[in-house]
There are 2 protein chains.
Amino acid sequence: MEDHKGEKQQNAEELLEDAERSVINAIAETMDLYGVTPSIGRLYATMYFKHDPLTLDDMKDDLGMSKPSMSTAVRKLQDINIVKKIWKKGSRKDLFLAEKNFFQYFSHFFGDKWEREAKLNLSAINYAIEKLQQVLNDDEISEETKQRAEQDLRQLEDYKNYCHWLERLVQSVESGEIFEFLPIEDTKSEGHKEK
Amino acid sequence: MEDHKGEKQQNAEELLEDAERSVINAIAETMDLYGVTPSIGRLYATMYFKHDPLTLDDMKDDLGMSKPSMSTAVRKLQDINIVKKIWKKGSRKDLFLAEKNFFQYFSHFFGDKWEREAKLNLSAINYAIEKLQQVLNDDEISEETKQRAEQDLRQLEDYKNYCHWLERLVQSVESGEIFEFLPIEDTKSEGHKEK
DNA sequence: AAATACGTTAAAAAATAATTTAACAAAATT
DNA sequence: AATTTTGTTAAATTATTTTTTAACGTATTT
């Protein structure tokens, strides 16, 4: 009945696993909310609790998945800049470490997406505005068509303003300026670890 | 060779279609970026250019899809609060109208997600912190396990701060306070239409 | 009251996406 | 130089999601 570990010790390890598991699930579910697939979310969440960098084989063992899956998953995480490849003398294998500062995470994740969103849409909007102006500059066009063009144009000007606003949001997130407006507060006493 | 519409008129209509199509594609692609499926994104984008409310049959015809698809798609758009059901005297059919103010869109879309994210994670974090404290309060636990618990605890305190920050971000987005920090600027001369 | 119109749910089919196994190429070790 | 290790790509498989067709229930009209 007696094991090599004390039962208290064993219980403590279970508590710890349990604690980590609950947060891992929450993180993965959160990422799913923004279109990151559950497996990739789970990989990030698992790495979040690792204090040393992981190899692809470590990930494979931790998640019980194949190595090619880990390879592609970790690349996606690198693409959104929340996992970095680490160089370490001696190790032949690639090593990966997760970004643990969620403010950093937030900046990369949303910053990149918003930037892409603004660029993508501004390009389409400008193209559209040009076409609409061509319609409005022609006299032989029916009133109905012209009105629709005008209405579209008004709407797109608003949309354009939104895209520019997004760009400024990105800027303030990436520069950290936003944290002057919405400061990072510490619920616990000690000073916050910033990079 | 001559049609019932003047060829200029016909060309104008094509330009207009072309203009709208380019923006529709951009909006749908953008929404896809955040995990909204292409069809649902395309539906919203199509509705964005309609100035009168649409019925399910209108949508069906516009997108060339089945009515049940439209029914479920429009419900998802209602869920993220970017499409509203409209009541209109006389019409038996349900009528739907898209939110056209993208600042409003932004607030609903990200506000709701961030709120959910914060709540979900805070709940998991608090659960985890409780477990970890149990480990730390027990004397018969190995130093190694305790250190891991302490490290997790420190990390989770940071995570908690992030979640609270998210909550305040939501608040400032929903109250409109954020637009004092990052004002909505008009690239065109006229004043911006606010609700 | 019977018939039609409308929206939704359920089941089936089709289309996508995720995952694995196998094959490969590059680098390091023996 | 031959062999092993490592990471990635390609093809095949599996799983999931999306979409449709069919069936249903409610309300409206005739």
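What counts and how
- All residue numbers here refer to positions counted from 1 along the written sequence of the relevant chain.
- Chain letters start at A and ligand numbers start at 1, both assigned in the order the entries are written.
- Local features in a predicted model are, by the rule used here, given only for residues with pLDDT of at least 70; side-chain atom pairs are given and counted only at 80 or more, and totals for whole chains, interfaces and linings are based on all residues.
- Under the DSSP-based scheme used, a helix requires at least four consecutive residues in state H or I and a strand at least two consecutive residues in state E, with every element numbered from the N terminus.
- Only C-alpha atoms enter the radius of gyration, while the globule expectation follows 2.2 Å times N to the 0.38, with N the number of residues.
- Labels follow a simple rule on C-beta atoms placed from the backbone: if 20 or more others lie within 10 Å of a residue's own, it is buried; if 12 or fewer, it is exposed; otherwise it is partly exposed.
- Each residue is represented by a C-beta atom placed from its backbone, and any two residues with such atoms within 7 Å are regarded as in contact.
- What sets the superposition is a least-squares fit of C-alpha atoms, and only residues with pLDDT of at least 70 in both copies go into it.
- Bear in mind that the domain bounds are from an automatic or database domain assignment.
- Residues are grouped as follows: Ala, Val, Leu, Ile, Met, Phe, Trp, Tyr, Cys and Pro are nonpolar; Asp, Glu, Lys and Arg are charged; every other residue, Gly included, is polar.

Turning our eyes to something else, we now look at the overall build of chain A. Each helix and strand in chain A was counted, giving seven helices and two strands. Reading chain A from its N end, one meets helices and strands in the order α-α-α-α-β-β-α-α-α. Relative to the 2.2 N^0.38 estimate, which gives 16 Å for 195 residues, the radius of gyration of chain A is 25 Å and therefore markedly larger than a compact globule would have. Each principal axis of the C-alpha atoms in chain A carries an extent, and together these give about 95 × 45 × 35 Å. Looking at chain A as a whole, 32% of its 195 residues are labelled buried. If you take every contact in chain A between residues at least 6 apart in sequence, the share linking residues at least 24 apart comes to 50%.

Rotating chain A by 180 degrees and translating it 0.0 Å along the rotation axis places it on chain B, where the RMSD comes to 0.0 Å. The two molecules are tied by a two-fold rotation axis, judged by turn and shift. Across chain A, the smallest distance between a C-alpha and the rotation axis is recorded for Gly35 of chain A, namely 2.0 Å. Here 100% of the contact residues of chain A are again contact residues in chain B; the copies associate through an equivalent surface.

Residue and element names in this part refer to chain A. Segmentation of chain A into domains returns domain 1 (7-100) and domain 2 (103-181). Inter-centroid distance (C-alpha atoms) of domain 1 to domain 2 is 37 Å. Looking at the side of domain 1 that touches domain 2, its residues break down into two nonpolar, one polar and one charged.

Counting from both sides, the interface comprises 68 residues of chain A and, opposite them, 68 residues of chain B. Secondary structure elements with two or more residues in the side of chain A that touches chain B: α1 (7-33), α5 (102-136) and α6 (143-175) of chain A. Sorting elements by how many residues they give to the side of chain A that touches chain B places α6 of chain A first, with 18 residues. For the side of chain A that touches chain B, the residue count by class is 28 nonpolar, 18 polar and 22 charged.

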